[in-house]
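One-letter residues, chain by chain:
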Amino acid sequence: MRGLAAFLMIFGVFSFVAVLIFLGDQPLLLGFTTLIAISGAGLLYRDRKFAAAPLPAYERDAPLASANPWETLSVDSPSATPATLLTKTIAAFENSLKATVSIESEQAGRAILQIRLPGGQATAFVHDSPQAVDVSELRALFALASSRNCRVAYSITAGDFTPRALVWSQGRGILLIAHGRVEQIR
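Residues numbered from 1 in each chain as written. Predicted model: local features only at pLDDT ≥ 70, side-chain atom pairs only at ≥ 80, totals over all residues. Heavy atoms only, no water.

Examining the overall build of the chain
Working step 1: Helix and strand content of the chain: 5 helices and 5 strands.
Working step 2: Along the chain, helices (α) and strands (β) appear in the sequence α-α-α-β-β-β-α-β-α-β when read from the amino end.
Working step 3: Sorting the 186 residues of the chain into buried and exposed places 33% on the buried side.
Working step 4: In the chain, the share of contacts with a sequence separation of at least 24, taken over all contacts with a separation of at least 6, comes to 52%.
Working step 5: Carbon and sulfur atoms make up 62% of the accessible area of the chain, which amounts to about 12300 Å² in all. (Helix = DSSP H or I, 4+ residues; strand = E, 2+ residues; numbered from the N terminus. Buried < 20%, exposed > 50% of the residue type's maximum accessible area, 1.4 Å probe, protein only. Contact = heavy atoms within 4.5 Å. Areas by Shrake-Rupley, 256 points an atom, 1.4 Å probe, with all protein chains shown as cover.)

Some remarks on the pattern of salt bridges
Working step 1: On inspection of all chains with the given rule, the structure shows 2 salt bridges.
Working step 2: Across the salt bridge formed by Arg148 and Glu104, the nearest N and O atoms sit 2.4 Å from each other. Of this pair, Arg148 sits in the loop between helix H4 (135–147) and strand E4 (152–157) while Glu104 sits in strand E1 (residues 100–107), and the two are 44 residues apart along the sequence.
Working step 3: Ionic pairing is found between Arg110 and Glu137, a salt bridge with its closest N-O pair at 3.1 Å. One end of the pair, Arg110, is in strand E2 (residues 110–117); the other, Glu137, is in helix H4, and 27 residues separate them in sequence. (Salt bridge = Lys/Arg side-chain N within 4 Å of Asp/Glu carboxyl O.)

Quick word on a nonpolar patch on the surface
Working step 1: Together, Val13, Val17, Leu20, Ile21, Phe22, Leu23 and Leu29 make up an exposed nonpolar region whose accessible area comes to about 680 Å².
Working step 2: Ranked by residue count, the leading element in the nonpolar patch is helix H1 (residues 2–23), at 6 residues.
Working step 3: Here Val17 is to be found in helix H1.
Working step 4: Given a relative accessible area of 39%, Val17 falls into the partly exposed group. (Patch = residues over 30% accessible without salt bridge, like charges linked within 9 Å, V, L, I, M, F, W, Y side chains within 5 Å.)

Thoughts on the environment of Leu29
Working step 1: Structurally, Leu29 is set in helix H2 (residues 27–49).
Working step 2: Look at Leu29 and you get partly exposed, because its relative accessible area is 34%.
Working step 3: It is 7.1 Å that separates the C-alpha atoms of Leu29 and Val19, two residues lying 10 residues apart in sequence.
Working step 4: What Leu29 contacts, discounting residues up to four positions off in sequence, is Val19 and Leu23.

Some remarks on the nonpolar core
Working step 1: Counting residues in hydrophobic clusters, the biggest one holds 22 residues, and the most contacted among them are Phe93, Leu113, Ile115, Tyr154, Ile156 and Ile185.
Working step 2: Put simply, the parts of the chain that give this core at least two residues each are helix H3 (85–96), E1, E2, strand E3 (120–127) and E4.
Working step 3: For this core, the element with the highest residue contribution is H3, accounting for 5 residues.
Working step 4: Discounting chain neighbours no more than four positions away, the residues touching Tyr154 are Phe93, Leu97, Ile115, Ala122, Thr123, Ala124, Phe125, Leu141, Leu175 and Ile177.
Working step 5: Counting residues in hydrophobic clusters, the runner-up holds 14 residues, among them Phe125, Val133, Ala145 and Ala153. (Core = buried A, V, L, I, M, F, W, Y, C linked by side-chain atoms within 4.5 Å.)

Side note on the packing of aromatic side chains
Working step 1: Enumeration over the complete set of coordinates arrives at 3 aromatic pairs.
Working step 2: Arranged with centres 5.8 Å apart and planes meeting at 15°, the rings of Phe7 and Phe11 form a pair that is stacked. Remark: Phe11 and Phe7 occur in helix H1; sequence separation between them is 4 residues, near one turn of the helix.
Working step 3: Each ring, one from Phe142 and one from Trp168, has its centre 5.8 Å from the other, and the planes form 90°; the classification is edge-to-face. Of the two residues, Phe142 sits in helix H4 while Trp168 sits in helix H5 (residues 163–169), which places them 26 residues apart along the sequence.
Working step 4: Residue class for Phe142 comes out partly exposed when judged on its relative accessible area of 30%.
Working step 5: Its end group placed over the ring of Trp168, Arg172 keeps NZ or CZ at 4.1 Å from the ring centre. (Phe/Tyr/Trp six-rings, centres within 6.5 Å; stacked < 30°, edge-to-face > 60°. Lys NZ or Arg CZ within 6 Å of the ring centre and 35° of its normal.)

Some details on the pairing of E4
Put simply, side chains in a regular strand alternate between the two faces of the sheet.
Working step 1: Most of E4 is tucked away, with 6 of its 6 residues classed as buried.
Working step 2: Burial along E4 is two-sided: the residues Val152, Tyr154 and Ile156 and Ala153, Ser155 and Thr157 are all buried.
Working step 3: Relative to E4, E3 runs parallel, the two being bridged by 6 bridges. Looking at the pairing, Ala122 lines up with Val152 of E4.
Working step 4: With H4 bridging E3 and the parallel E4, this β-α-β connection has right-handed handedness.
Working step 5: The sheet contact formed by E4 and strand E5 (residues 174–177) spans 4 bridges and is parallel. Paired with Ser155 across the bridge in E5 is Leu176.
Working step 6: At this point the chain moves from E4, through H5, to the parallel E5, and the crossover so formed is right-handed. (Pairing = 2+ DSSP bridges. Right-handed = clockwise from strand over helix to strand, strands pointing away.)

Have a look at this one:
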């Protein structure tokens, strides 16, 4: 890059002098040659400024860890203690709705459940946190449930829902269960 920068600076200066000597007062050509010299100086500055941070080298011939990008999601089994909201939720779906529940992802007190019901399928977000669930999380749940053609979606939280989330969820097929009251699943 330094070679190109030096070439542009030298070419710009010599072109400027040549235009002045041979063509006289040509503002367009003088401006263009000045622009060439300034761009060469800019490249030289950029090269010096970013020389300390080399670009990462990638192994082009290395095989991919997985051809399926969804396999990179961490899917952990639920905790062995029955006191967690996730295990209570799974038990409520399996007992009261005779559903087959699979954990799609679980991390930091949040889980996504895929639920196979006798009449179709459903998706559930489980939030094992006392913080209020906002409308943005319900929008994500609605988008996920819509993309999977689910007939219903559940948002189950140990806390509560914000007023905006309560208003937004009405009429969208999202059942809200607050304060961990999984006995409401029917």
